[in-house]
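In case you want the letters, here they are:
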Amino acid sequence: QVRLEESGGGLVQPGGSLRLSCAASGSIFAIYDMAWYRQAPGQERKLVATITDRGSTNLADSVKGRFTISRDNIRNTVYLQMNNLEPEDTAVYYCNAEIITVRGRIIAWGQGTQATVSS
């Protein structure tokens, strides 16, 4: 069984920062692409950032220059550093990973962590 567990969400004022973490655990042979999505109230889930197993990254236009995605392949962990946060960044943030397990390839999701930007 494979599990993704996010942490690091919370309440922050506009202009502040948060660092989200997502750790994968279980019977893992390899992890390929990892990503962060977010879902604001009443909206669909949207892609925020992706990172390949070799470290190539891609960010949504709305977060470029403010967010950074990174990963630690030893710890099977992906991070999202969020700076200069805006109220529009308020959402539940989910991590996602393409994982090779004993049963083959799966797409795993975390349970989500809430980030709220408000004064």
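Structural notes, computed from the coordinates.

Quick notes on the rules
- Residues numbered from 1 in each chain as written.
- Predicted model: local features only at pLDDT ≥ 70, side-chain atom pairs only at ≥ 80, totals over all residues.
- Heavy atoms only, no water.
- Helix = DSSP H or I, 4+ residues; strand = E, 2+ residues; numbered from the N terminus.
- Contact = heavy atoms within 4.5 Å.
- Phe/Tyr/Trp six-rings, centres within 6.5 Å; stacked < 30°, edge-to-face > 60°.
- Buried < 20%, exposed > 50% of the residue type's maximum accessible area, 1.4 Å probe, protein only.
- Lys NZ or Arg CZ within 6 Å of the ring centre and 35° of its normal.

## Side note on the environment of leucine 85
Here comes step 1: Following the sequence through the fold, leucine 85 ends up in the loop between strand E8 (77–82) and strand E9 (91–101).
Here comes step 2: Residues leucine 85 and threonine 52, 33 residues apart in the sequence, show an inter-C-alpha distance of 25 Å.
Here comes step 3: Excluding anything up to four places from it in sequence, leucine 85 contacts Val12, Pro14, Gly15, Gly16, Ser17, Leu18, Arg66, Phe67 and Val117.

## Topic: the packing of aromatic side chains
Here comes step 1: Under the counting rule described, the total for this entry stands at one aromatic pair.
Here comes step 2: Ring centres 4.9 Å apart and planes at 55 degrees place the aromatic pair tyrosine 37 and tryptophan 109 in the tilted group. In this pair, tyrosine 37 sits in strand E4 (residues 28–39) while tryptophan 109 sits in strand E10 (residues 104–109), placing the two residues 72 residues apart along the sequence.
Here comes step 3: For tryptophan 109, a relative accessible area of 37% puts it in the partly exposed group.
Here comes step 4: If you follow arginine 45 out to its NZ or CZ, it ends over the ring of tyrosine 94, 3.6 Å from the centre.

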